[in-house]
Amino acid sequence: MAAVARYADGSRVASSSLSLTVSNPATYGTIRYVNASTGSDANPGTEALPWKTLRQASLTVVAGDTVYLRGTFTDGTNDYIGGAGGGTASGTAAAPIKWTTWPGQPQATLSSGANIGIVVQLQGVSYHVFDNLHFQRPDQSEYAFQFTGSPGSDHNAVRNSLFDAPSGATSGKAGVRLQYAGTTDCIVELNTINTFGTPSQNSGDSIYLATGASRNRILDNTITKAGHFGISAGNIQAGESPIGDLNVIAGNTIDNPWAAGIGLVQTAQRTIIEYNTMKNCATGAIGPVNSPGCVNLYAVQNVIRFNTIDNALQYAIDLGAFTFNYQQKSKNNEIYHNVITGVQAGGYATIRFNFASGSGVEPAGGDISSNKFYNNIIWLNAGGNRAPGGFLTQFYVLSFNSANRWPNGSYGNNEVRNNLILRAATTAGEVLMTRERTGSEGGGFFEQFTVAQAQSTYAEWSGNIALTPSFLDEAARDFRLQSSSQAIDAGRAVSGYPFNGLAPDIGRYETGAAVPQAPSRLRISRLRWLSREVNDR
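Below is a short write-up of the structure. Along each chain, residue indices are assigned from 1 in the same order as the chain's sequence is written. In keeping with the model being predicted, local features are shown solely for residues with a pLDDT of at least 70 and side-chain atom pairs are shown and tallied solely at 80 or more, while totals for entire chains, interfaces and linings include all residues. Side-chain descriptors were evaluated using all non-hydrogen atoms of the structure, hydrogens and water having been removed beforehand.

**Describing the side chain of His337**
- Only DSSP runs of H or I covering at least 4 residues are called helices, and only runs of E covering at least 2 are called strands; the numbering of each starts at the N terminus. Within the secondary structure, His337 sits in the loop between strand E34 (334-336) and strand E35 (339-343).
- The cut-offs for exposure are 20% and 50% of the maximum accessible area for each residue type, with area from a 1.4 Å probe on protein chains only; residues under the lower value are buried, those over the upper are exposed, and the others partly exposed. Looking at His337, the relative accessible area reads 6%, which means it is buried.
- A polar contact is formed between the side chain of His337 and the side chain of Asn375, at a distance of 3.1 Å.
- Note on contacts: a residue pair is in contact if any heavy atoms of the two residues lie within 4.5 Å. If we skip the residues at most four places from it in the chain, His337 touches Arg305, Phe306, Asn307, Tyr374, Asn375, Asn376, Tyr497, Pro504, Asp505, Gly507 and Arg508. Polar contact is defined as a pair of N or O atoms within 3.5 Å, subject to the rule that within protein one atom must be able to donate a hydrogen and the other to accept it, and that residues adjacent in sequence are counted only when both atoms are side-chain atoms.

If you want it as C-alpha cells, here you go:
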C-alpha cells in the first residue's frame, strides 16, 4: 500500500510502498484462569485462585476475555462450554473470547470422559477462538466439538489443536461439526485430527459441514484415519434443503487408509477445494467402503484445483448421481491443475462417472454433465479392472443403473481438455476410456477408446497428451516439473488463472518465475475475520 496526500489545488503526492502487518494479540481483555485439579468455582477465576470447571468460565466470560485452561476436563455431560440456548456470551470482531492452554503448561485436555456430552457446543454464539487445546472423545458417542444452533454460530475458530480418540473408541460421529445455515465465516485451521469414526461401519467424518453451513474455511489441517470422509460438506437429512455455499477447503493433508478423502455431497455448492494433499484413500479399509475415492463429487458448481491425489484403492475422483436424502447430481464442476497418481487397480477407473440407483432423472444423462477437466496430470494409475478385454481404463462411465445415458458419440457435455493421461511410460496408445450401457439396454460396454480415438469422437475431448510428465523428484513426491517436461506450456488457458510462458503448464505447479495469485483464490491468511481479511499467500 502507499500513503497519499491530497492538496487543495487537486495535486497529490504518494509515498513509496508501505507494508502493514496485522497480528492477533495474545490476549484481548480480562484473563480468566481454570484449573481442573486445584481450582474452585467459588474462586474469582484469577491465576492465584482459579475456577475449576469449564461451565463456570462459560457462564461468566464476556467479550474480550481470554480463558487459560489447565489440566484434564472429563465430565462432558455437566462440564462444557456453550450448550443449548447459547450457554455463553458472544465476543466481537475487535474483542473475541479466547480459550487456550495456560501458558507454560501441557496442552489442556477437554474430554467427555465416560459421559456423552459435547465438550464445546456453540449454539447461536459468535467470535470465540479455541487455540492450542486437546479435544478427546473416549466413547465417541457424540461430536468432539461443534459450531451449530439456530440461527447458527458465526465467526468462530478452532486452531492449533489436537483432536483424537483413544485406541478402541468407535462411533459414527465426527471430530468437528459445523451445522446449520447460520454457521458462517468460521475457521478450522492448523489442527491435527486423528482416528474418528467407525471404519467397520464406514461412518464418522473428521470434519463435517452440514445442513447449510456456509462461507467457512477449513485450512491447513492434518487428518489421519476417518471412518467415512476426512472432510465432508453439504450433508443434509431427509426433508431438509439448505444449501452449503462458498466453503473453502485448502492446504489440508488427508491420509485416510480407512475410507475416503473429501466428499462434496447433496447441497454443497461453490466450494473451493485447493492446495490439498489426499493420499492412501481406503487402502487399509477395515469394512465395506461406500465411497472409497479421494474426492467424491456428488454436488454442483464446485472447484477442485491445485491438489495432489496420491494413492487410492479404487478411484481418485468419483462424479456421481443418485438419490440419498436428496437428488444428488454432479454438474458444472471445475477440476483444474491437479496431480493424480498411484490409484490401484481395485475399482472401476481413476476417474469414474457413476450413474447409480435413482439416477437418470434428467434426460440424456444430464445428472452428470457440464463438468470440466482441464490441465490435470493423470499418471501412473493402475486403472480400473472391470472393463472387458483386459483394458485398465482411466475414465469409466458407469450407466447400468441409470434410467438413461449420454447419447452415442457424446460425453455428456463434460469437457476433458489438455490433460496428461498415461498409465505407465510404455502404455501410450492403449484404451483408457470405457462407457457402459444402461440395464434396460442389457448392459455391456461400448465406445472403448484411446486418447486419440476419444478426441476424434467426442467434441468434449481435445488437447490431451499421453506422455510421461517428468516430475522433478517423483520418488520424493515432488511433483514440480523438470525444465524438459513436455507438460510445460501444454495446458489450456482458464480465465482468472495466471501463467508463465505461452500457455499454462499441465499439473499442479507452474514452472518459471513466481506467478501472481489468481483473483478468485480464497486462501485466507491466518485468523482474521471478514472485516480484516488479507490474502497473503
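Back to the text.
**Some remarks on the sheet that holds strand E42 (residues 420-422)**
- Being paired, for any two strands, means DSSP has found at least two bridges between them. Taken in spatial order, the 12 strands of this open sheet run E5-E8-E11-E14-E17-E20-E24-E27-E30-E35-E39-E42, and their pairing is parallel. The open sheet is flanked by strand E5 (72-73) and E42, the only strands paired with a single partner.
- Here strand E14 (residues 162-164) runs beside strand E17 (residues 192-196); their pairing, made up of 2 bridges, is parallel. Within E17, the residue paired with Leu162 across the bridge is Thr192.

**Regarding the pairing of strand E36 (residues 351-355)**
- Counting buried residues in E36 gives 5 out of 5 residues, a clear majority hidden from the surface.
- Residues Ile351, Phe353 and Phe355 of E36 are buried on one face, and the alternating residues Arg352 and Asn354, pointing to the opposite face, are buried as well.
- Two strands pair when backbone bridges link them, and strand E31 (residues 317-323) and E36 are joined in this way by 5 bridges, in the parallel orientation. Bridged to Asp318 within E36 is Arg352.
- Across 4 bridges, the pairing between E36 and strand E40 (residues 395-398) is parallel. For Arg352, the partnering residue across the bridge sits in E40 and is Tyr396.

**With respect to the packing of aromatic side chains**
- By convention, a stacked pair of Phe, Tyr or Trp rings (six-membered ring in the case of Trp) has centres within 6.5 Å and planes under 30 degrees apart, an edge-to-face pair has planes over 60 apart, and any other such pair is tilted. What the rule picks out here adds up to 25 aromatic pairs.
- Look at Phe373 and Phe395: their rings are 6.0 Å apart centre to centre, the planes differ by 75°, and that puts the pair in the edge-to-face class. Here Phe373 is found in strand E38 (residues 372-374), whereas its partner Phe395 is found in strand E40, with 22 residues between them in sequence.
- Given a relative accessible area of 1%, Phe373 falls into the buried group.
- An aromatic cluster is present here, built from Phe353, Phe355, Phe373, Phe395, Trp406, Tyr411, Phe449, Tyr458 and Trp461 joined pairwise through their rings.
- A cation sits over an aromatic face here: Arg70 above Trp102, 5.4 Å from the ring centre. Two thresholds decide whether a charge sits over a ring: the Lys NZ or Arg CZ must be within 6 Å of the ring centre and within 35 degrees of the ring normal.

**Remarks on the side chain of Asn311**
- Its place among the elements puts Asn311 in strand E30 (residues 308-312).
- With relative accessibility at 18%, the residue Asn311 sits in the buried group.
- Ignoring sequence-local partners within four residues, the contact set of Asn311 consists of Lys279, Asn280, Cys281, Thr283, Cys294, Thr341, Gly342, Val343 and Gln344.

**So, the pattern of salt bridges**
- By definition, a salt bridge exists where a carboxyl oxygen of Asp or Glu is found within 4 Å of a side-chain nitrogen of Lys or Arg. Counted by the stated rule, this structure contains 15 salt bridges.
- Residues Lys331 and Glu362 are paired through a salt bridge, measuring 3.0 Å at the closest nitrogen-oxygen approach. Linking Lys331 in strand E33 (residues 330-331) with Glu362 in the loop between E36 and strand E37 (368-369), this pair joins segments that are 31 residues apart in sequence.
- The residue Glu441 makes a salt bridge to Arg405 at a minimum N-O spacing of 2.8 Å. Taken together, the residues Glu441 in the loop between strand E43 (433-436) and strand E44 (445-449) and Arg405 in the loop between E40 and strand E41 (415-417) connect sequence positions 36 residues apart.
- The class of Glu441 is partly exposed, set by a relative accessible area of 39%.
- Classification of Arg405 by relative accessible area gives buried; the value is 14%.
- Overlapping salt bridges bring together Asp131, Arg159 and Glu189 as one network.

**Considering the environment of Ser357**
- Along the chain, Ser357 turns up in the loop between E36 and E37.
- C-alpha of Ser357 to C-alpha of Phe322: the two residues are 35 residues apart in sequence and 5.6 Å apart in space.
- Contacts of Ser357, omitting those with residues within four sequence positions, involve Phe322, Thr323 and Asn401.

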